[in-house]
Amino acid sequence: MFNSLRMSMGWVHTWMGLVLGFVLMICFFFGALSVFDREIDRWAIPDTRFEPQPMPSFDNVLKPIYQQLQPDPVDMAATERRVVGTLPDPETLKLESLFAYTTHRDPVLLIGGEFAIPNQPIDPADDHQHVHGRATVNPATGEMLNDDALKIGSDWFYPMHFSLNLNWMMLGYWIVGLAALVMLAGLVSGIIIHRKIFREFFTFRPWKNLFRSSLDLHNMTGVVALPFHFFFAFTALVIFASNIYLPVTHTTLKPLHEHHEMLEAERKGLPHEPAGIPAPLASVDAMVAEAKRRWAERNMAGEVGFLSMNHLGDENGYVSIYRAGSDRVALVGEGIHFKASTGEVIREEPPRSVVSSIDEFLTGLHLQHFEHWMLRWLYVFGGLLGAICIATGFILFVEKRKAKHARNGSQGSRIVDALAVTTVTGMVLAAVGMLVANRLLPADLAGKGQWEQTIFWSVWGLAFLHAAWRSSPVAKARYNPAWREQSLLLGLMSLCAVGLNWVTTGDHLIKTVFTDTYWAVAGVDLSLIVTALIAFYAAAKLRAPVTEQKIDDALSRNKQVNAYD
Amino acid sequence: MISQDALQTINRIIAAVFGGYAFTWGFSVLAIATLVALGIDFHEAETAISLVAFLVFLGLFLWTFAAASMIRVWLVLAGGAGVMMLIGLMLQTSLLS
């Protein structure tokens, strides 16, 4: 089928890259937005526009809040299908474990827990015998945030980049996983087909024709950010390896795993099962103070990032306190475990081994919990470079073929071009459209978050229909006017979002930058303005008429098309 | 009628994605079981192999497209997956007994 290594790698690069490139666009763009997911949350939920704060006192603030925590209705329904008989009234279910989580960028706190259920599972091997509950708390007032207020950054854009928000059968995760593998394959095959890699590093000829300059940009962004792109695609697979992509230790090697867990629980002294004897809860604040003292002793004083309790109200109950990793690449860690009824230390986790240090460093570098604003911005630019690399790949694909397709009446490049419009300008339109909707819909609208999601998908769907409707010039080797039209609309909508934020909350840029500085909101507004400027610039550039000369160029260039087409 | 070329391509894609995955699965089972048998902590072994597994998958994925003989590709991928899975399972049984 292929006559040479270069040809076969060219095929993988072109076709696999094209098909999964549409997915990779989503991963890179929404991944870049995820770097500032908490800040986007603040923009979208004006009630939470205050300064981040450390984990509040458990005894005084959090304890009473957990008493209001309710099982999640969606998880109730899902659990109902897995067990024999009907579940009891959610009000009567008892919390058996709980957690609280915060980062250095969070004014609000995520809490949750597991509620025990008396029902037997339908599948005897199913050991997932509880219903989850989750809530977001304002630690300043102790109030729970309205469930209808969707955290657009951390609960929509962030999961978008690894699950496409398609949760049916984990379909989105698997598509993204395959796309990550293809990204790795695309990078390696890209190196093989482009031998003059060092020269391409310094080559950018924007004044040349569209094909040349997008090839340069494709190569430059691909090569400059190669380690960055390889790293993100690779760690994406590693992060989900044991739970989703390669769960050998939960399936084939489950017996060995369980045997080990039993030994480990004995060694660690953290009870796997409740004792069945009720016991009170000692002061958790005292445990937190002790944990902080021990961290300081190890010369790594810090704040609590994650706190959890198991076997609540039982003699075997224990409290685990983990340090927030805002000053290092690795994630939360240095866990210290206390006996819940007495507050004595059961176990202090030893320093990491070499293998887990490497693993935590790599995954930590992907998940970036650290506090370093310049590095965060570099992540955003790296992600956008990835998006540019992929988008220019689409343009190359179309520019290389459209003249030939125009001659023999093929619709191939027309379809690819319409999909490229949908995943480049259409995707950004969907994201900005969601922000506009967020400011237009009243805060107390029932199901507001649902509406925002519907609008997100609708805008994206309409962008696709528009791109398809306007695509016929591509079949004649011309440009699709949808590129320009959607760029114009994007510019207008981005400015609209900034204006609406001002009108609905009173937070305009002079206030958020100068008089009452609040960078989370200012940053989103400024990014929207930059988006608008780029979109208007692109629209202006695209208005330049396509001359017959250029079309002739495109036709003659057709001769250079590589053999692997 | 699907052309011979298209069938060949489909065969390669299936081998690269599913065959490669099966081989990686078998490799991970055998590698983790072997490391545990050598006295390495279970979670250490699991983590170490998760760092290697996708590089193995990537190599297989690209090799499937570059290889001259698809029969050899399938023999290595399916055969390797089966053999490693079998030895891995046997190792697990002996570790637990």
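Residues numbered from 1 in each chain as written. Chains lettered and ligands numbered in written order. Predicted model: local features only at pLDDT ≥ 70, side-chain atom pairs only at ≥ 80, totals over all residues. Heavy atoms only, no water.

Caption draft 1: A look at the state of the cysteines. In the structure shown here, the tally under the stated rule is zero disulfides over all chains. Distance from the sulfur of C27 of chain A, which forms no disulfide, to the nearest cysteine sulfur (C389 of chain A) is 14 Å. (Disulfide = S-S within 2.5 Å.)

Caption draft 2: Examining the confidence of the model for chain A more closely. Averaged over all residues, the pLDDT of chain A equals 89, while 93% of them reach at least 70. Here residues 558-565 of chain A is modelled with pLDDT under 50, and outside its nearest four sequence neighbours on either side it reaches 17 contacts, counting other chains as well. (pLDDT = per-residue confidence, 0-100. Contact = heavy atoms within 4.5 Å.)

Caption draft 3: Inspection of the pattern of salt bridges at higher detail. Residues and elements named next belong to chain A. In this structure the tally under the stated criterion is 20 salt bridges over all chains. Notably, a salt bridge pairs D155 with R134, separated by 3.2 Å at the nearest N-O pair. With D155 in helix α5 (residues 152-163) and R134 in strand β3 (residues 130-138), this pair connects stretches of sequence that are 21 residues apart. For D155, a relative accessible area of 28% corresponds to the partly exposed category. Assessed through its relative accessible area of 47%, R134 is described here as partly exposed. The salt bridge involving K511 is made with D507; its shortest N-O contact spans 2.7 Å. Classification of D507 as buried rests on a relative accessible area of 12%. A network of salt bridges, in which partner residues are shared, links E290, R293, R294, E297, R298 and E348. (Salt bridge = Lys/Arg side-chain N within 4 Å of Asp/Glu carboxyl O. Helix = DSSP H or I, 4+ residues; strand = E, 2+ residues; numbered from the N terminus. Buried < 20%, exposed > 50% of the residue type's maximum accessible area, 1.4 Å probe, protein only.)

Caption draft 4: Layout of helix α2 (residues 42-66) of chain B. Residue and element names in this part refer to chain B. Taking 1.5 Å of rise per residue, 25 residues should cover 36 Å, and α2 covers 36 Å from first to last C-alpha, within 8% of that figure. Where α2 bends most, at S50, the angle is about 30 degrees. With respect to burial, α2 is a largely interior element, 18 of its 25 residues being buried. For α2, the N-terminal capping position is held by D41, with its side-chain oxygen 3.1 Å away from the main-chain nitrogen of H43. (Expected span 1.5 Å × (residues − 1). Bend = angle between axes of the 7 residues up to and from the residue. Polar contact = N/O pair within 3.5 Å; in protein donor to acceptor, adjacent residues only side chain to side chain.)

Caption draft 5: Molecular detail of the packing of helix α8 (residues 210-224) of chain A against helix α9 (residues 226-239) of chain A. All names here are of chain A. Between α8 and α9, the least distance of the axes is 4 Å, while the angle of their chain directions is 65 degrees. One element, α8, and the other, α9, form an angle in the roughly perpendicular class. Where α8 abuts α9, its residues T221, G222, V223 and V224 lie against L226, P227 and H229. Residue composition of the contact of α8 with α9, by class: four nonpolar, three polar and no charged. (Axes fitted to C-alpha atoms, helices over the stretch in contact; angles between N-to-C directions. Parallel < 35°, antiparallel > 145°, perpendicular 65-115°, else oblique. Nonpolar A, V, L, I, M, F, W, Y, C, P; charged D, E, K, R; others polar.)

Caption draft 6: View of the packing of aromatic side chains. Evaluation of the coordinates by the stated rule reveals 34 aromatic pairs over all chains. Between the aromatic rings of F456 of chain A and W460 of chain A, the centroid separation amounts to 5.6 Å while the plane-to-plane angle is 85 degrees, which identifies the pairing as edge-to-face. Residue F456 of chain A and its partner W460 of chain A are located together in helix α16 (residues 448-469), separated by four residues, close to a single helical turn. Through a chain of ring-to-ring contacts, three or more aromatic side chains come together here, namely Y158, F162, Y173, W174, F240 and Y245 of chain A together with Y21, W25 and F57 of chain B. Just above the ring of F397 of chain A sits the side chain of R401 of chain A; from NZ or CZ to the centre is 3.9 Å. Directly above the ring of W469 of chain A sits R470 of chain A, whose terminal nitrogen or CZ lies 5.3 Å from the centroid. (Phe/Tyr/Trp six-rings, centres within 6.5 Å; stacked < 30°, edge-to-face > 60°. Lys NZ or Arg CZ within 6 Å of the ring centre and 35° of its normal.)

Caption draft 7: Up close: the nonpolar core. Counting residues in each nonpolar core, the largest one holds 125 residues, and the members touching the most others are F30, F157 and F456 of chain A together with F61 and F65 of chain B. With 16 residues, helix α1 (residues 5-34) of chain A is the single largest residue contributor to this core. Here this core gathers at least three residues from each of two domains, domain 1 (5-45 + 162-236 + 370-560) and domain 2 (52-146 + 252-367) of chain A. Once residues within four sequence positions are removed from consideration, F61 of chain B is found in contact with V12, M16, L181, V182 and A185 of chain A together with A16 and V17 of chain B. In this structure, L87, A100, M287 and W295 of chain A belong to the second largest nonpolar core, which totals 34 residues. (Core = buried A, V, L, I, M, F, W, Y, C linked by side-chain atoms within 4.5 Å. Domains from an automatic or database assignment.)

Caption draft 8: Structural detail: unusual backbone geometry. Residues and elements named next belong to chain A. Of note, M169 is a non-glycine position whose phi angle comes to about 55 degrees, a positive value. Within the secondary structure layout, M169 lies in the loop between α5 and α6 (171-193). In this structure, N299 is a non-glycine residue whose phi angle is positive, near 65 degrees. Of note, N299 is situated in the loop between α12 (284-297) and β5 (304-310). For N299, a relative accessible area of 73% gives the class exposed.

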